[in-house]
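These are the residues of each chain, in order.
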Amino acid sequence: MNTKTSSLINTPVTFSAQTKSRQAARAFDAADELREFRARFNFPEEKNGLKPLYFAGHSLGLMPKRTEDYVREELAEWGRYGVEGHFHAKHPWLPYHEFVTPALARLVGAKPNEVVAMNTLTVNLHLMLVSFYRPTKKRYKILIENNTFPSDKYAVDSQARFHGFDPRETVVELKPRKGQLTVDKESVLEQIKKHGSSLALVLLGNCNYLSGQNFVMADVVKAAHDVGALCGFNLAHGAGNIQLNLHGDRADFAVWCSYKYLNSGPGGIAGAFVHEEHIHSKKIPRFEGWWGHDKASRFKMGPRFKAISTAEAWQLSNPPILQLAALRASLEIFDEATMARLHRKSRALTNYLQDLLRDAFADRLQIVTPHERGSMLCVRLRGRDKSVMNDFAGRNIFVDFREPDIFRLTPAPLYNSFEDVYMLVESMKAILE
Ligand SMILES: *Cc1c(COP(=O)(O)O)cnc(C)c1O
């Protein structure tokens, strides 16, 4: 590590009383090794003379300025070359998805042959369930969280029905213990043991979209494997947010979207991970399409499928190049910043937010997110409902509300500052007083 990158190590992750001023926040920003990344993003416009405070990176990440150039370049190549752009574009479209593979692999802790950018998230979840949820009369249950994202619940319910099972008996939901806000890891492990030989699959959101909770993946995977089940993850709130080690943790599969923490733009192209040990397995079925076919013979247009020997075998169609261009622009920034440094800043920013909130609101505000988390804090505002969102909007503050009563606040380490965090809490004081 060079000396230029070491400054943030000195930034405290807990904050004493004298650090809770705007001036102190600015001093943290001045010492932040990642501070210059902020200028590489487009922020929403000023409103009522107020600069935006953007804390919604868990919903739609901000647009990197270079994205426009990357997308324009592909439009220009299309204009210049027509169909020949597949071969002659500066970044040829035929292998275009391969250009993002190395960065994606680094981002999620995988080998390059284990990841692929394709489709959108729920589509990828279904494709993975086709391969990794193969219920039998004896082993058919899926263990998920009770506060899973609705799309995930619809996906597993419909997969259960597709296989002739009743979701009410098949889909088992993890619930927090009495008096607790989130499911602790021990109860996840207990439930896995309890359902044992009837358990086909464990599927967790990591982090959970509503609580921000992050599980220790290796422990959950091991528990699932110990009872003969498989284990997959929805990383919609993990990819680009927490440090992941999918290969080493031996996850069987994972899926994620890229428009949240990964800043690839609305509806951006999603990702999938298949553990190496499954890629060559003849026992794993797959829904197949021509883009998963062996590249050397794909254009012979033969009737028999020959799989690519990587996770690319799960590709169905030729991918959207404009979306891939946007993802490429964003992943280059992640590669430069590195997840290790982002994680460090994320912890400092999020702890700072938590401390300021506790100081300002004490028990008028409940922080749902446990310490095992990424950069999102999910909070309840006692006695206040969704209507507070109007006050946030009036002050040009971007946070979001999820039914029934959760406000989600995300300081994104690539583009949020300590001063942003300080100003958010000051504004919340004004709104809630
Ligand atoms: C955002 C999110 C989704 C959204 O699914 P799309 O297919 O991208 O529309 C699904 N699951 C989780 C856990 C999410 O956070």
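### A few points about the site of the ligand
In the region of the ligand, the neighbouring residues are Leu121, Thr122, Phe149, Asp152, Tyr209, Asn234, Ala236, His237, Tyr259 and Lys260. Histidine 237 places a side-chain nitrogen or oxygen 3.2 Å from an oxygen atom of the ligand. Among the residues making up the shell around the ligand, the classes are represented as five nonpolar, three polar and two charged.

### A few points about the pairing of strand β10 (residues 271–274)
The side chains of a regular strand alternate, first on one face of the sheet and then on the other. Side-chain alternation along β10 places Gly271 and Phe273 on one buried face and Ala272 and Val274 on a second face that is also buried. Summarising the sheet, strand β4 (residues 115–117) and β10 pair through three bridges and their orientation is antiparallel. Bridge pairing in β10 links valine 116 to alanine 272. The pairing of strand β9 (residues 253–256) with β10 spans four bridges and is antiparallel.

### What about the sheet that holds β10?
Sheet strands associate in pairs through backbone hydrogen bonding, adopting either a parallel or an antiparallel arrangement. Strand order in the open sheet formed by seven strands is β4-β10-β9-β8-β7-β5-β6, with mixed pairing between adjacent strands. The strands lining the two open edges of the sheet, one partner per strand, are β4 and β6 (171–174). When strand polarity is set aside, the average angle formed by the axes of neighbouring strands in this sheet is 20°. Contacts from helix α5 (residues 121–132) reach β7 (199–205), β8 (230–234), β9 and β10 within the one sheet, and its direction differs from that of β9 by about 170°.

What counts and what doesn't
- Residues numbered from 1 in each chain as written.
- Predicted model: local features only at pLDDT ≥ 70, side-chain atom pairs only at ≥ 80, totals over all residues.
- Heavy atoms only, no water.
- Near = heavy atom within 4 Å.
- Polar contact = N/O pair within 3.5 Å; in protein donor to acceptor, adjacent residues only side chain to side chain.
- Nonpolar A, V, L, I, M, F, W, Y, C, P; charged D, E, K, R; others polar.
- Buried < 20%, exposed > 50% of the residue type's maximum accessible area, 1.4 Å probe, protein only.
- Helix = DSSP H or I, 4+ residues; strand = E, 2+ residues; numbered from the N terminus.
- Pairing = 2+ DSSP bridges.
- Axes fitted to C-alpha atoms, helices over the stretch in contact; angles between N-to-C directions.
- Contact = heavy atoms within 4.5 Å.

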